[in-house]
Amino acid sequence: PVAKDPKAGRGSLIENGIYLYMRHPMYSGLLLGMAGLSILTESTTRLLLTFVLYLVLDAKSDFEEVSLVETYGSDYEKYKANVQNKFFPLDVKSMFTDG
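For clarity, every value in this text was computed on a predicted model and none was experimentally measured.

Concerning the packing of aromatic side chains
In total, this model carries 5 aromatic pairs according to the counting rule given. Look at tyrosine 27 and phenylalanine 87: their rings are 6.1 Å apart centre to centre, the planes differ by 55°, and that puts the pair in the tilted class. In this pair, tyrosine 27 is assigned in helix H1 (residues 25-40) and phenylalanine 87 in the loop between helix H3 (74-82) and helix H4 (92-96), connecting sequence segments 60 residues apart. With a relative accessible area of 14%, tyrosine 27 lands in the buried category. Given the relative accessible area of 3%, phenylalanine 87 is considered buried. Ring centres of tyrosine 54 and phenylalanine 87 lie 5.7 Å apart, and the angle between their planes is 75°; this geometry places the pair in the edge-to-face category. Of this pair, tyrosine 54 sits in helix H2 (residues 44-72) while phenylalanine 87 sits in the loop between H3 and H4, and the two are 33 residues apart along the sequence. Tyrosine 54 gets classed as buried once you look at its relative accessible area, which sits at 14%. Members of the aromatic cluster, connected to one another through ring pairs, are Tyr27, Phe51, Tyr54, Phe87 and Phe88.

Criteria and thresholds
Residues numbered from 1 in each chain as written. Predicted model: local features only at pLDDT ≥ 70, side-chain atom pairs only at ≥ 80, totals over all residues. Heavy atoms only, no water. Phe/Tyr/Trp six-rings, centres within 6.5 Å; stacked < 30°, edge-to-face > 60°. Helix = DSSP H or I, 4+ residues; strand = E, 2+ residues; numbered from the N terminus. Buried < 20%, exposed > 50% of the residue type's maximum accessible area, 1.4 Å probe, protein only.

If you want it as structure tokens, here you go:
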């Protein structure tokens with residue numbers, strides 16, 4: 001959720017549009033596209049690889065969010081608290097875990 005802000009010398013935190021519902025919509029699009037391709041081609045292997053991609057993007061986004069907290073501090077912490085969904089407007093992880 002970063003766009004260039006020439007006045008600040010850093011990116012500015014975007015909190016509107018699709019970013020109101022999820023913090024990483026580009027990753028969402030990639031995951032949905034891969035899942036759709038997997039279903040369209042009836043490929044179990046692609047579907048499994050899509051799940052692996054989800055795990056990789058989940059870890060990558062955690063790493064990126066550490067940097068975002070360092071850059072934006074409490075503003076990003078508040079944004080994270082308000083927009084709890086990383087990739088989808090529902091908590092997919094809770095469907096498979098206890099917490």
